[in-house]
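Letter by letter, the chains look like this.
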Amino acid sequence: MHPLSSSDTDAVFQSYGRCCRNEAFFADFYDLFMAKSAEVRQVFRNTDMPEQRRLLRAGIMWLILYARGASGNKLRDLGRTHSRHGYDINPSWYGLWVDALMEAVARHDVHHSPQLLTQWRQVLSPGIDLIRDAH
Ligand code: HEM
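This one's a predicted model, so the numbers in the text were calculated from it and none came from an experiment.

Quick notes on the rules
- Residues numbered from 1 in each chain as written.
- Predicted model: local features only at pLDDT ≥ 70, side-chain atom pairs only at ≥ 80, totals over all residues.
- Heavy atoms only, no water.
- Helix = DSSP H or I, 4+ residues; strand = E, 2+ residues; numbered from the N terminus.
- Buried < 20%, exposed > 50% of the residue type's maximum accessible area, 1.4 Å probe, protein only.
- Salt bridge = Lys/Arg side-chain N within 4 Å of Asp/Glu carboxyl O.

**Observations regarding unusual backbone geometry**
At Asp88, a position not held by glycine, the phi torsion is positive, near 55°. Among the structural elements, Asp88 can be located in the loop between α5 (73–82) and α6 (93–108). By relative accessible area, which is 41% here, Asp88 ends up partly exposed.

**Comments concerning the pattern of salt bridges**
What the rule picks out here adds up to 10 salt bridges. For Lys36, the salt bridge is made with Glu103, and the minimal N-O distance between the two is 2.7 Å. Of this pair, Lys36 sits in the loop between α2 (24–35) and α3 (38–43) while Glu103 sits in helix α6, and the two are 67 residues apart along the sequence. What makes Glu103 partly exposed here is its relative accessible area of 34%. The shortest N-O distance in the salt bridge between Arg80 and Asp77 comes to 2.6 Å. In this pair, Arg80 and Asp77 are both assigned in helix α5, 3 residues apart and thus about one turn of the helix distant. Among the residues examined, Arg80 registers a relative accessible area of 54% and is labelled exposed. In this structure, a network of salt bridges that share partners links the residues Asp129, Arg132 and Asp133.

As structure tokens, then:
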């Protein structure tokens, strides 16, 4: 795993704080994500989306905290629920997930920049790999 500097994780942590100030961030994320794939839309057909938006708020936090050195316990739980034994999330969908999230960040963080979005991807990557590789 490539070491992440605390300036990268701090920049992303602060960006996430700006995004979270607006509830529409999470609604826009799921709209953008589902617009990318009919299969992804199908996966969420029976999901309570207001509850899902609330759960994702914590999930993204855990990804950032993991990059800052926190234990991966919460992410390992997500790895189990998302695996072939659970929701059976296709590993190829994580690329769409992160692309949609970056579009939502660009829309909601007034301080977004290409460099900041690169930092976001680097910070999220170890935690996303952990969840995806549990498939
Ligand atoms: C690394 C990125 C992701 C994070 C942080 C994340 C986070 C979460 C969290 C916190 C939950 C609720 C807790 C649980 O059920 O275990 C959840 C549920 C779920 N996630 Fe993810 N998720 C990610 C990627 C994905 C992807 C790529 C898909 C593909 C469609 C997906 C589909 C689902 C589904 C179907 C549920 C259950 C919905 C329901 O209860 O009806 N997730 N996710």
